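Summary of the model geometry
Single-letter residue listing:
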Amino acid sequence: MRVGVYRLLLALLVAVSHMGVTFMGLNPGVVAVVSFLIISGFVMTSLIERNYNSPGQIGLFYMDRLLRLYPQFLVYFVLSCAVIHFLLPGTPQAAALTFENIATSLPILPLGFYMFGITVPEILPPGWSLGLEMCFYLLIPFLILYKMRGIAFAASVTVFMLASLGYLNTDIYGYRLLPGVLFIFLCGSYLYRAQAKGLWVVSLTLLVAALMFLSIVVGIIPRRPFNAEVTLGIALGLPAVFLLSKLKHHRLDEFLGNISYGVFLNHFVVMYVLRAFWPVEYSALIITAVLVLSFALSGVSYYGVERPALKLRHALRSGVKSAATQAPVGSTVA
């Protein structure tokens with residue numbers, strides 16, 4: 001699956017959206033996040049089926065995911081705290097530097113529920129979507145191993161439709177919480193080794209999303225927070241991920257994909273620093289500077305932080321495969 005360049009593009013779209021850039025009145029960051037969800041569903045299904053395909057290995061899957069999310073998150077969270085404390089006193093970000101907010105942000109998961117006042121996301125704003133990812137990680141092994149994706153998909157689509165049409169809070173239940181977007185993750189899951197049923201589900205979802213987006217644009221469905229962006233993200237992201245999944249692996253693509261996570265996390269840190277020394281509106285020059293610095297910083301954190309953790313993840317997966325190979329016939333270890 002060659003999605004490295006695509007993931008980097010998505011991270012850059014998230015970054016520019018946080019600097020106020022829109023396209024035809026649409027928030028490109030939201031459109032990009034939807035593709036991230038699709039990719040996550042695809043990759044997690046691949047990971048579980050190839051490495052953690054029994055109930056006894058679910059805990060190891062969770063460990064694998066912690067080793068993926070935490071190292072760079074902790075680095076940039078601490079760095080963000082330091083920059084805010086020393087360079088941005090008296091700002092809303094500085095007001096968020098309380099013991100309670102730091103303690104509830106560090107586990108990542110509560111960041112996905114910030115809208116209920118559990119924590120404050122201003123220290124590292126992109127962290128809320130990592131909280132959403134963690135909710136998905138907790139659930140997806142059970143949906144795959146116990147063959148419950150269909151039921152979960154139908155329930156999630158119901159929540160999403162109620163939110164998109166205004167019967168539930170559109171922003172919260174149609175974009176930020178797992179019940180309303182689980183079906184987007186699962187579309188990516190169905191694309192992995194897609195069979196006729198999975199392709200039918202994905203195709204129907206793409207068609208409905210495209211029709212909903214057009215209906216929102218022309219005013220048949222009222223425009224509500226991010227319902228246009230989410231439906232557009234589904235309509236664009238599903239064919240993009242499907243086509244990219246057919247391409248063979250390439251080392252440059254893998255490298256750029258590895259850089260994307262750091263860019264996604266660190267662009268706010270760069271923005272905070274520039275705001276302290278150059279407090280002006282985001283011109284094309286400053287936006288370019290943020291993206292270049294973010295890319296460079298991500299390269300440093302990838303080689304200094306992510307690579308060592310990656311070795312641990314590979315060792316974990318190798319240990320699982322070795323145990324499965326050595327297990328006797330009839331054993332429940334595999």
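Before reading further, recall that the structure is shown in the block above.
Here's what I pulled together on the structure shown here. (Residues numbered from 1 in each chain as written. Predicted model: local features only at pLDDT ≥ 70, side-chain atom pairs only at ≥ 80, totals over all residues. Heavy atoms only, no water.)

**Remarks on the overall build of the protein**
Along its length, the protein carries 13 helices and zero strands. Going from N to C terminus, the protein has its helices and strands arranged as α-α-α-α-α-α-α-α-α-α-α-α-α. Here the C-alpha radius of gyration of the protein, 20 Å, is about what a compact globule of 334 residues would show, namely 20 Å. Counted over contacts in the protein with a minimum sequence separation of 6, partners at least 24 positions apart contribute 75%. For the protein, the computed accessible surface area is about 15400 Å², with 70% contributed by carbon and sulfur atoms. (Helix = DSSP H or I, 4+ residues; strand = E, 2+ residues; numbered from the N terminus. Rg over C-alpha atoms; globule rule 2.2 N^0.38 Å. Contact = heavy atoms within 4.5 Å. Areas by Shrake-Rupley, 256 points an atom, 1.4 Å probe, with all protein chains shown as cover.)

**A closer look at the pattern of salt bridges**
Within the structure shown, the criterion is met by eight salt bridges. Among the salt bridges present, the one from Glu 49 reaches Arg 193, with a minimum N-O distance of 3.7 Å. With a gap of 144 residues between them, Glu 49 in helix H2 (residues 28-51) and Arg 193 in the loop between helix H9 (178-191) and helix H10 (196-218) connect regions that are remote in the sequence. Accessibility expressed as a relative area gives 58% for Arg 193, which makes it exposed. Here Asp 64 and Arg 317 are joined by a salt bridge, their closest N and O atoms 2.7 Å apart. On the criterion of sequence distance, the pair formed by Asp 64 in helix H3 (residues 58-87) and Arg 317 in helix H13 (residues 284-326) is long-range, its members being 253 residues apart. (Salt bridge = Lys/Arg side-chain N within 4 Å of Asp/Glu carboxyl O. Buried < 20%, exposed > 50% of the residue type's maximum accessible area, 1.4 Å probe, protein only.)

**Regarding the side chain of Ser 298**
Position of Ser 298 among the secondary structure elements: in helix H13. Assessed through its relative accessible area of 0%, Ser 298 is described here as buried. A distance of 2.5 Å separates the side chain of Ser 298 from the backbone oxygen of Ile 259, its partner in a polar contact. When neighbours within four sequence positions are excluded, Ser 298 is seen to be in contact with Tyr 76, Ile 259, Gly 262, Val 263 and Asn 266. (Polar contact = N/O pair within 3.5 Å; in protein donor to acceptor, adjacent residues only side chain to side chain.)

**As for the packing of aromatic side chains**
Taken as a whole, this structure holds 18 aromatic pairs when the rule is applied. Relative to Phe 77, the ring of Phe 73 has its centre 5.6 Å away and its plane inclined at 25°; by these criteria the two rings are stacked. One end of the pair, Phe 73, and the other, Phe 77, are both in helix H3, four residues apart, so they sit about a helical turn from each other. In this pair, the class of Phe 73 matches that of Phe 77, namely buried. Between Phe 268 and Tyr 272 the ring centres are 5.7 Å apart and the planes differ by 55°, which places this aromatic pair in the tilted class. Of the two residues, Phe 268 and Tyr 272 both sit in helix H12 (residues 251-277), four residues apart, roughly one turn of that helix. (Phe/Tyr/Trp six-rings, centres within 6.5 Å; stacked < 30°, edge-to-face > 60°.)

**Quick notes on H10**
With 23 residues, H10 extends 33 Å from end C-alpha to end C-alpha; this agrees with the ideal 33 Å at 1.5 Å per step. Listing the buried residues of H10 in full gives Gly 198, Val 201, Val 202, Thr 205, Ala 209, Met 212, Phe 213, Ser 215 and Ile 216. Gly 219, located one to two residues past H10, shows a positive phi value of around 95°. (Expected span 1.5 Å × (residues − 1).)

**Points about the environment of Ser 54**
Position of Ser 54 relative to the elements: it lies in the loop between H2 and H3. With 80 residues separating them in the primary sequence, Ser 54 and Met 134 have C-alpha atoms 20 Å apart.

**Some words on a nonpolar patch on the surface**
Taken together, Phe 86, Leu 87, Phe 277, Trp 278, Val 280 and Leu 285 make up a surface patch of nonpolar side chains, about 680 Å² in accessible area. Counting through the fold element by element, Val 280 comes out in the loop between H12 and H13. Val 280 sits in the partly exposed class, given a relative accessible area of 44%. (Patch = residues over 30% accessible without salt bridge, like charges linked within 9 Å, V, L, I, M, F, W, Y side chains within 5 Å.)

**Details of the packing of H10 against helix H11 (residues 227-244)**
Two numbers describe how H10 lies on H11: the axes approach to 8 Å, and their chain directions differ by 145°. Crossing of H10 over H11 shows left-handed handedness. When H10 is examined against H11, the residues Leu 199, Val 202, Thr 205, Leu 206, Ala 209, Ala 210, Met 212, Phe 213 and Ile 216 are found in contact with a partner set consisting of Asn 227, Ala 228, Thr 231, Leu 232, Ile 234, Ala 235, Leu 238, Pro 239 and Phe 242. Each residue belonging to the contact of H10 with H11 can be placed in one class, and the counts come to 15 nonpolar, three polar and no charged. (Axes fitted to C-alpha atoms, helices over the stretch in contact; angles between N-to-C directions. Left-handed = near helix turned anticlockwise from the far one by under 90°. Nonpolar A, V, L, I, M, F, W, Y, C, P; charged D, E, K, R; others polar.)

**Thoughts on the nonpolar core**
Within the largest apolar cluster, 99 residues are counted, with the highest numbers of intra-cluster contacts made by Phe 73, Ile 140 and Ile 184. Counting residues per element, this core draws most heavily on H2, which supplies 13 residues. For Ile 184, the residues in contact, after removing those within four places along its chain, are Val 34, Leu 37, Ile 38, Val 230 and Ile 234. (Core = buried A, V, L, I, M, F, W, Y, C linked by side-chain atoms within 4.5 Å.)

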